[in-house]
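Listed below, chain by chain, are the residues.
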Amino acid sequence: MAQRSQWGTRAGFIMAAVGSAVGLGNIWRFPYVAYENGGGAFFIPYLFALLTAGIPILIMEFTIGHKYRGSAPLSFFRMKGKGAEWIGWWGIFVSFVISTYYAVIIAWAMKYSIYSFNLTWGDDTGGFLFGDVLNLADNPGEVGGLVPGVFLPLLLVWVIAFVILLAGVKRGIELANRIFIPTLVAVFLLVVIRAVTLDGAALGLDAFFKPDLSKLADSTVWVAAYGHIFFSLSIAFAIMITYSSYLPKKSDITNNAFITGFANSGFELLAGIGIFAALGFMATQAGEPVSEVASAGVGLAFVVFPKIINEMPGMNGIFGFLFFFSLVLAGLTSLISICETYIAGLSEKFNISRRKAVLFGAGSASIISILFATRGGLYFLDAADYFINQFGVAAIGLVEVFLIAWVFRKLKVFENHANEISDIKVGLLWRICLTFVTPIVLGYMMFDLLRINLM
Ligand code: PHE
């Protein structure tokens, strides 16, 4: 059997893990989630979730990949036999679905980065998105027919992904992340600096950080914090297991997990500052409170931000370009990580070359993604995203942690494995987080979701 691929350097692995974690979620999801769930007060449940679930699970997944040296299904197979393989496939399935629509969003961001220079979207940015870009205006709800303008950027996204994935772990994924991540940080810093120097920025920051302590008594705020940490750190998606399976034997797992976790949160905080500073500017221009303009997701990036860019005094084309370019870079590094889960899974399961696995795996994802680039594709995208967020992430996380802690009883083994090679030692506290805190919170989360959805 061919020698297993490996990361070239420690920094390369960390860049790749951070690249996976830092994605669209950090830029367009976190600021709004924090704002809606208590502003400054949200940092308490957020930090709690990071320290009791996010980083402990990251350490666990890094240990699994490093110890069993396989894609997610193979790692679970080696951990507990044939009957455990499905846990890995479940994560891979969710990753596959996400990759099909994540690519489309990156394609829109590419388009918008070019539009920025001419402010092509005009004054009615919402009408432009739904009419010109998504082709929904005439017959809302109608489905089918390719939207021509999105096809080319989508093709470009997949070509870039293919080139990187085909080049392999070290010469492809590692190299790309070593270039993309520092570039992203530099570009995004420029965006944030410009945003905080805008008129009214303080108003936005005030809204973002103002702590609403009463929210801490609300269980949905805690659930939001845990949910966000899972999505943001890309845990329970088979990704971190796959990436850590390429670690050399001598690697500091625990330290790497802390660095990845804190780097991701640092970026998220920066995004919160930048986004809300810009929203403060927007609110000031419109003479409205920040709550009127605050939003997240597609609406924030492709409707509100173009408006902000329209209103900006000077250099707005460049600001717009840098903002959308940040989305492209953050998105691409996450997309690559999601694709790698099924590429590794397929090539090991069916004993095929990396090339074949890329062509088959990413090939089919790219074909399916065309569906989201058709008229009405936004509805599929919304539905897929909702489904994944509601039932994918928390459910896999719960099952994975519960089985490992309570059924396979592997935590002690993992603890020894991690401690042997890491500077920071984990112990009882780590096991308590995974045995009790995470299953209880996630269990409650699932219960709550089912209750909401079934009633
Ligand atoms: N962590 C990424 C983000 O914050 C999202 C992601 C989720 C990426 C799942 C890959 C897989 O946007």
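Residues numbered from 1 in each chain as written. Predicted model: local features only at pLDDT ≥ 70, side-chain atom pairs only at ≥ 80, totals over all residues. Heavy atoms only, no water.

1. Topic: the overall build of the protein chain
Step number 1: Broken down by element type, the protein chain carries 19 helices and zero strands.
Step number 2: Against the 2.2 N^0.38 benchmark of 23 Å for 455 residues, the protein chain shows a C-alpha radius of gyration of 21 Å, consistent with a compact globule.
Step number 3: With the principal axes as the frame, the protein chain shows a C-alpha extent of 60 × 50 × 45 Å.
Step number 4: A burial count over the protein chain gives 59% of its 455 residues as buried.
Step number 5: When contacts within the protein chain are restricted to residue pairs at least 6 apart in sequence, long-range pairs at least 24 apart make up 84% of them.
Step number 6: With an accessible surface of roughly 17,600 Å², the protein chain has 67% of that area assigned to carbon and sulfur atoms.
Step number 7: The averaged location of the 27 negative side-chain charges in the protein chain is 17 Å from the averaged location of its 29 positive side-chain charges. (Helix = DSSP H or I, 4+ residues; strand = E, 2+ residues; numbered from the N terminus. Rg over C-alpha atoms; globule rule 2.2 N^0.38 Å. Buried < 20%, exposed > 50% of the residue type's maximum accessible area, 1.4 Å probe, protein only. Contact = heavy atoms within 4.5 Å. Areas by Shrake-Rupley, 256 points an atom, 1.4 Å probe, with all protein chains shown as cover. Lys, Arg positive; Asp, Glu negative; His and termini not counted. Charge placed at Lys NZ, Arg CZ, Asp CG, Glu CD.)

2. Quick word on the confidence of the model for the protein chain
Reading predicted coordinates in detail is not appropriate for stretches of low pLDDT.
Step number 1: For the protein chain, the average pLDDT comes to 93, and 96% of its residues sit at 70 or higher.
Step number 2: Prediction confidence for the complex, expressed as pTM and ipTM, is 0.95 and 0.96 respectively. (pLDDT = per-residue confidence, 0-100.)

3. Examining the side chain of E174
Step number 1: Mapped onto the secondary structure, E174 falls in helix 8 (residues 169-196).
Step number 2: At 2.6 Å, the side chain of E174 forms a polar contact with the backbone nitrogen of G8.
Step number 3: When sequence neighbours within four positions are dropped, the list of residues in contact with E174 reads W7, G8, T9, G12 and V169. (Polar contact = N/O pair within 3.5 Å; in protein donor to acceptor, adjacent residues only side chain to side chain.)

4. Overview of the site of the ligand
Step number 1: Taken together, 15 residues surround the ligand, and among them A21, G25, N26, Y102 and F231 come closest.
Step number 2: One of the side-chain nitrogen or oxygen atoms of N26 is found 3.0 Å away from an oxygen atom of the ligand.
Step number 3: A total of 320 Å² of accessible area belongs to the ligand in isolation, and the protein chains cover 100% of it.
Step number 4: Top element by residues in the shell around the ligand is helix 2 (residues 24-36). It accounts for three residues.
Step number 5: Each residue belonging to the shell around the ligand can be placed in one class, and the counts come to eight nonpolar, seven polar and no charged. (Near = heavy atom within 4 Å. Nonpolar A, V, L, I, M, F, W, Y, C, P; charged D, E, K, R; others polar.)

5. So, the pattern of salt bridges
Two side chains with opposite charge may pair up if their charged atoms get near one another.
Step number 1: Applying the stated criterion to the full structure yields eight salt bridges.
Step number 2: Measuring nitrogen to oxygen at the nearest pair gives 3.0 Å for the salt bridge that ties K349 to E85. One end of the pair, K349, is in helix 15 (residues 316-349); the other, E85, is in helix 5 (residues 85-118), and 264 residues separate them in sequence.
Step number 3: Residue class for K349 comes out partly exposed when judged on its relative accessible area of 40%. (Salt bridge = Lys/Arg side-chain N within 4 Å of Asp/Glu carboxyl O.)

6. A look at unusual backbone geometry
Step number 1: Of note, M315 is a non-glycine position whose phi angle comes to about 55°, a positive value.
Step number 2: Along the polypeptide, M315 turns up in the loop between helix 14 (297-311) and helix 15.
Step number 3: Here the phi dihedral of N351 falls at roughly 55°; this positive angle occurs in a residue that is not glycine.
Step number 4: Tracing the sequence through the fold places N351 in the loop between helix 15 and helix 16 (354-372).

7. Observations regarding helix 1 (residues 10-21)
Step number 1: Between its first and last C-alpha, helix 1 extends 17 Å over twelve residues, near the 16 Å set by a 1.5 Å rise per residue.
Step number 2: In terms of burial, helix 1 is a largely internal element, nine of the twelve residues being buried.
Step number 3: Those residues of helix 1 lying buried are G12, F13, I14, A16, A17, V18, G19, S20 and A21. (Expected span 1.5 Å × (residues − 1).)

8. Considering the packing of aromatic side chains
Step number 1: Counting across every chain of the model gives 40 aromatic pairs.
Step number 2: Aromatic side chains Y112 and F324 sit 5.4 Å apart centroid to centroid with 55° between the ring planes, which places their arrangement in the tilted category. Remark: F324 occurs in helix 15 and Y112 occurs in helix 5; sequence separation between them is 212 residues.
Step number 3: What makes F324 buried here is its relative accessible area of 0%.
Step number 4: Through pairs of rings, three or more aromatic residues link up here, namely W28, W108, Y112, Y115, W121, F128, F302, F305, F319, F323 and F324.
Step number 5: In this structure, R29 is placed above the aromatic ring of F231, and the distance from its NZ or CZ to the ring centre is 5.7 Å. (Phe/Tyr/Trp six-rings, centres within 6.5 Å; stacked < 30°, edge-to-face > 60°. Lys NZ or Arg CZ within 6 Å of the ring centre and 35° of its normal.)

9. Topic: the packing of helix 14 against helix 15
Step number 1: Interhelical geometry of helix 14 versus helix 15 gives an angle of 155° and a closest axis separation of 9 Å. Taken together, the axes of helix 14 and helix 15 lie roughly antiparallel to each other. Helix-helix and strand crossings are classified by hand; for helix 14 and helix 15 the assignment is right-handed. Every residue of helix 15 that contacts helix 14 at A301, F302, F305, P306, I309 and N310 is listed here: N316, F319, G320, F323, F324 and L327.
Step number 2: By residue class, the composition of the contact of helix 14 with helix 15 is nine nonpolar, three polar and no charged. (Axes fitted to C-alpha atoms, helices over the stretch in contact; angles between N-to-C directions. Parallel < 35°, antiparallel > 145°, perpendicular 65-115°, else oblique. Left-handed = near helix turned anticlockwise from the far one by under 90°.)

10. Focus: the environment of K412
Step number 1: Within the fold, K412 resides in helix 18 (residues 411-421).
Step number 2: For the pair K412 and G427, spaced 15 residues apart in the sequence, the C-alpha separation amounts to 8.6 Å.

11. Focus on a nonpolar patch on the surface
Step number 1: A surface patch of nonpolar side chains, about 800 Å² in accessible area, is lined by F402, W406, V407, L428, L429, I432, F436 and I440.
Step number 2: Taken together, the elements giving at least two residues each to the nonpolar patch come down to helix 17 (377-407) and helix 19 (428-454).
Step number 3: Looking at the nonpolar patch element by element, the count peaks at five residues for helix 19.
Step number 4: With respect to the helices and strands, the residue W406 is situated in helix 17. (Patch = residues over 30% accessible without salt bridge, like charges linked within 9 Å, V, L, I, M, F, W, Y side chains within 5 Å.)

12. Digging into the nonpolar core
Most often, soluble globular proteins keep nonpolar side chains buried together rather than apart.
Step number 1: Counting 167 residues, the largest nonpolar core has M60, W108, W158 and F302 as its most contacted members.
Step number 2: It is helix 5 that contributes the most residues to this core, 18 residues altogether. (Core = buried A, V, L, I, M, F, W, Y, C linked by side-chain atoms within 4.5 Å.)

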